[in-house]
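Commentary on secondary and tertiary structure
For reference, the chains in residue letters:
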Amino acid sequence: MDHSGHGMHGMPMDLPPFTLGRGLAFSPDTFFLVGCLLALGLYAWGVARLRGRGDGWPVGRTVFFVVGVLSVALVMCTGLNDYGMVMFSVHMVQHMVISMLSPILLLLGAPVTLALRALPVASRRGDKGPRELLLALLHSRYMRIVTHPAFTIPLFIASLYALYFTPLFDFLMSSKPGHIAMMVHFLAVGLVFFWPIMGVDPGPHRPGYVMRMLELFAGMPFHAFFGIALMMATEPMVKVYENPPASLGIDALADQNAAGGIAWAFSEIPSVLVLIALVYQWYRSEQRQAVRKDRAADRDGDKELAAYNAYLASLQARGQ
């Protein structure tokens, strides 16, 4: 028996009725456990490298990143992952967290900015070290395509409808590698969708604040519609959850309705988080611009004001 919730032949194992305590019990998926530890280790190395040379790094960003990594570990390295194999509602909690909450928290940690500041510059001009390779990737045509709204919004929507309402979902759930690939896909889709919208890290697309809000709201209604479709269904729509283990004592259709409710409700959470972040960024941007204008005015001795006063004086002279 492995920790994925499957027996030797991919059949769901018998689990006791779900409770929060059982759901949060440590039950690590090796792939995600190693990935989370590696992410935390690399981030800590980057922060330590900056501090070591006397540069600062905001504590808030570190907190956001750590909480983001822990949110991935919460749904993939606890009993939630076991129950997610046999309960649609628990799987939907995993999906919503790893695709909509974890990416936002990770991006607020600005990992790309940290990497660009922490990675060493190539020793000789023309050489390509890790930092130069990262910059080349950020400016590549590939990155321009995968972070463009014309790509990210349809991908965000297709990850729901094309996955759950086709046999692809059952195929991926039938094996541990397939399940891992699906969860990695959810995380990656969330990252490329929210990356241009959040605007914390540098990237190929940096739309204005209003456009970012429009991009955000272009994707969210489809999540709500998906949840409503599951809630209103009169029969199970996903084959893998049609026959939950008798030991759980749950009804497949009631569990599917609960999954739909989770998907519908969760679409509001990232919208609020991202809107708060965007409004704060907008406010900070306006403040920085005002400071720059004040400094420019101090440097040039307020030439604009002097010119305006001279203009008024010339008008007065003509009048006399």
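Residues numbered from 1 in each chain as written. Predicted model: local features only at pLDDT ≥ 70, side-chain atom pairs only at ≥ 80, totals over all residues. Heavy atoms only, no water.

1. A closer look at the overall build of the protein
Regarding its fold elements, the protein presents 15 helices and zero strands. Scored against the burial criterion, the 320 residues of the protein give a buried share of 43%. Of the contacts made within the protein by residues no fewer than 6 positions apart, 76% connect residues no fewer than 24 positions apart. For the protein, the computed accessible surface area is about 16900 Å², with 68% contributed by carbon and sulfur atoms. (Helix = DSSP H or I, 4+ residues; strand = E, 2+ residues; numbered from the N terminus. Buried < 20%, exposed > 50% of the residue type's maximum accessible area, 1.4 Å probe, protein only. Contact = heavy atoms within 4.5 Å. Areas by Shrake-Rupley, 256 points an atom, 1.4 Å probe, with all protein chains shown as cover.)

2. Digging into the environment of Pro130
Within the element layout of this structure, Pro130 appears in helix H7 (residues 130–138). Expressed as a C-alpha distance, the spacing of Pro130 and Ala115, which sit 15 residues apart in the sequence, is 9.3 Å.

3. Some details on the pattern of salt bridges
Across all of its chains, the model carries one salt bridge by this definition. Note that Arg53 is salt-bridged to Asp55, the shortest N-O span being 2.7 Å. The class for Asp55 is partly exposed, based on a relative accessible area of 28%. (Salt bridge = Lys/Arg side-chain N within 4 Å of Asp/Glu carboxyl O.)

4. Thoughts on the layout of surface pockets
For the largest pocket, the calculated volume is near 1000 Å³. Lining the largest pocket are 32 residues; nearest its centre among them are Ala39, Phe65, Leu106, Pro111 and Leu191. Contributions of two or more residues to the lining of the largest pocket are made by helix H2 (30–52), helix H3 (59–76), helix H5 (88–108), helix H6 (111–118), H7 and helix H11 (176–198). For the lining of the largest pocket, the element with the highest residue contribution is H2, accounting for ten residues. If you trace the second largest pocket, you find 15 residues lining it, with Arg61, Val200, Tyr280, Gln281 and Arg284 closest to the centre. (1 Å grid on protein atoms, 1.4 Å probe; cavity = no way out; pocket = protein on both sides within 12 Å on 5 of 7 lines; lining within 4 Å. Points joined across faces, edges and corners; volume = space filled by probe spheres on them.)

5. Some remarks on helix H9 (residues 149–164)
For H9, built from 16 residues, the straight-helix expectation of 22 Å at 1.5 Å per residue is met to within 8% by its first-to-last C-alpha distance of 23 Å. A bend of about 40° at Ala158 is the largest found in H9. Where H9 is buried, its residues meet H5, helix H8 (141–146), helix H10 (168–173), H11 and helix H12 (209–232). (Expected span 1.5 Å × (residues − 1). Bend = angle between axes of the 7 residues up to and from the residue.)

6. Considerations on empty space enclosed by the protein
With a probe scaled to a water molecule rolled over the atoms, the places where space remains empty come into view. Overall, the coordinates contain two cavities of 30 Å³ or more when judged by the stated rule. Taken as a whole, the largest cavity holds about 40 Å³ of empty space. Here the element with the most residues in the lining of the largest cavity is H9; it accounts for three residues. Grouping the amino acids of the lining of the largest cavity by side-chain chemistry returns three nonpolar, four polar and no charged. The computed volume of the second largest cavity comes to approximately 30 Å³. Lining the second largest cavity are Phe88, Pro236, Val238, Tyr241, Glu242, Ala252 and Gln256. In terms of residue class, the lining of the second largest cavity is made up of five nonpolar, one polar and one charged. (Nonpolar A, V, L, I, M, F, W, Y, C, P; charged D, E, K, R; others polar.)

7. Quick look at the packing of aromatic side chains
If you walk through the whole model with that rule in mind, you get 16 aromatic pairs. Pairing Phe222 with Phe225 gives two aromatic rings, centres 6.3 Å apart and planes at 80°, and the pair type is edge-to-face. Of this pair, Phe222 and Phe225 are both found in helix H12, three residues apart, which corresponds to roughly one turn of the helix. One aromatic cluster is present, built from ring pairs that chain together Phe88, Tyr161, Tyr164, Phe165, Phe169, Phe226 and Tyr241. (Phe/Tyr/Trp six-rings, centres within 6.5 Å; stacked < 30°, edge-to-face > 60°.)

8. Some points on helix H13 (residues 252–266)
With 15 residues, H13 extends 21 Å between its outermost C-alpha atoms, agreeing within 8% with the 21 Å of an ideal straight helix rising 1.5 Å per residue. Among the residues of H13, those classed as buried are Ala252, Asp255, Gln256, Ala259, Gly260, Ala263 and Phe266. Along the long axis of H13, the arc covered by the buried residues comes to 145°, so they all point the same way. The N-terminus of H13 is capped by Asp251, whose side-chain oxygen sits 3.3 Å from the backbone nitrogen of Leu253. (Arc of directions from axis to C-beta. Polar contact = N/O pair within 3.5 Å; in protein donor to acceptor, adjacent residues only side chain to side chain.)

9. Considerations on the nonpolar core
Core analysis: the largest hydrophobic core is formed by 74 residues, its most contacted members being Met92, Ile98, Tyr164 and Phe194. Beyond its immediate chain neighbours, meaning those up to four positions away, Tyr164 contacts Phe88, His91, Met92, His95, Ser159, Phe169, Phe186, Phe226, Met237 and Val238. (Core = buried A, V, L, I, M, F, W, Y, C linked by side-chain atoms within 4.5 Å.)

10. So, the side chain of Asp82
Its place among the elements puts Asp82 in helix H4 (residues 79–84). Among the polar contacts made by the side chain of Asp82, one reaches the side chain of Ser27 at a distance of 2.8 Å.

11. Digging into the side chain of Thr78
In this fold, Thr78 is placed in the loop between H3 and H4. Among the residues examined, Thr78 registers a relative accessible area of 8% and is labelled buried. Side-chain polar atoms of Thr78 contact the backbone oxygen of Leu74, separated by 2.5 Å.

12. Section: unusual backbone geometry
Of note, the phi angle at Ala110 is positive, near 50°, even though the residue is not glycine. Here Ala110 lies in the loop between H5 and H6.

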